[in-house]
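# Structure at a glance
So the chains spell out like this:
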Amino acid sequence: MADAQALAKKLQARFGDALLECRLDRGEVTVEVAPAQAIAVFTALRDEPDFAFEQVMDVCGVDYSTYGEVEWTTNESTDQGFSRGVVERATGRGPAAVRYAAGRTIAGKGRFAAVYQLLSVSRNQRLRARVFAPDDELPVVPSVVVLWASVNWFEREAFDLYGIVFEGHPDLRRILTDYGFIGHPFRKDFPLIGNVEMRYDPERGRVVYEPVSIEPRVLVPRVIRKDHRYLPESQ
């Protein structure tokens, strides 16, 4: 904990307003960097001896739409069937859920962010850095592949799954989904059942893609029942 506190103080003293946030939680330091300052800050984090973050262990995307919202908020169950334990407000269940997701983000920060896990082997310390994309419709953040070559595939993965564009990446293309895939499957407004299904067509002698024919629905109700055996006064 002491090392993490010392790192947080050094970061604040060195970068000041260049860090939109510097937070210590559970012994881990997280900083938020504006896209315009990301390359300068990351370069300093890599090159300056006080930090010396030689490696990036991971880069991932985050979709903050419907952040903090829960669809299973209930303490009781009724006899109304499979819908009794859910309010259809989580994304991916259908058009109503997608409409609900619009504009539901962290206040003042945006919907999409790229999160970097930095490691300093020489100083034995870690740092989490987060960069929010300023535009929700076309999320763009700068690529750091010029600083750490290892992030090449990580940034491609975040682009493929979340649609985050890493400006300056030398070969930004899909890496996990199939050729011709439409959409970004880790976005919260991507249907849980997908957009297409595939089957083998014996007449054509190949696999063909067709619009998905499954109707989205809640199959298993998750409800919290009140039981006298677990009430505090019964303990």
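Right above here is the structure, for reference.
Per-chain numbering applies: the sequence of each chain, read as written, is numbered from 1 onward. Predicted model: local features are reported for residues with pLDDT of at least 70 only, side-chain atom pairs are reported and counted for 80 or more only, and whole-chain, interface and lining totals are derived from all residues. Just so you know, side-chain values use all the structure's heavy atoms and leave hydrogens and water out.

## With respect to the overall build of the protein chain
- If you tally the helices and strands in the protein chain, you get four helices and nine strands.
- For helices the rule is a DSSP run of H or I covering at least 4 residues; for strands it is a run of E covering at least 2, with both sets numbered from the N terminus onward. Written out in order from the N terminus, the α and β elements of the protein chain read α-β-β-α-β-α-β-β-β-α-β-β-β.
- Relative to its full complement of 235 residues, the protein chain shows a buried share of 37%.
- Contacts: residue pairs with any heavy atoms within 4.5 Å of one another. Taking all contacts inside the protein chain whose residues are at least 6 apart in sequence as the whole, residues at least 24 apart take part in 57%.
- In these tables, accessible area is a Shrake-Rupley quantity obtained with a 1.4 Å probe, and a residue counts as shielded only by the protein chains included in the view. About 14,400 Å² of surface is accessible on the protein chain, with carbon and sulfur atoms providing 53% of the total. Relative accessibility thresholds used throughout: buried, under 20% of the residue-type maximum; exposed, over 50%; partly exposed, between the two (1.4 Å probe, protein chains only).

## Considerations on the nonpolar core
- L11, F15, F42, L45, Y116 and L118 are the most contacted members of the largest nonpolar core, which has 38 residues in total.
- Of all elements in the fold, only α1 (2–15), β2 (28–33), α2 (38–47), β3 (55–63), β4 (112–120), β5 (125–132) and α4 (151–162) reach the threshold of two or more residues within this core.
- Sequence-distant contacts of F15, defined by excluding residues within four places in its chain, comprise V41, A44, L45 and F51. Only buried residues count toward a nonpolar core. Its members are Ala, Val, Leu, Ile, Met, Phe, Trp, Tyr and Cys residues joined through side-chain atoms within 4.5 Å.

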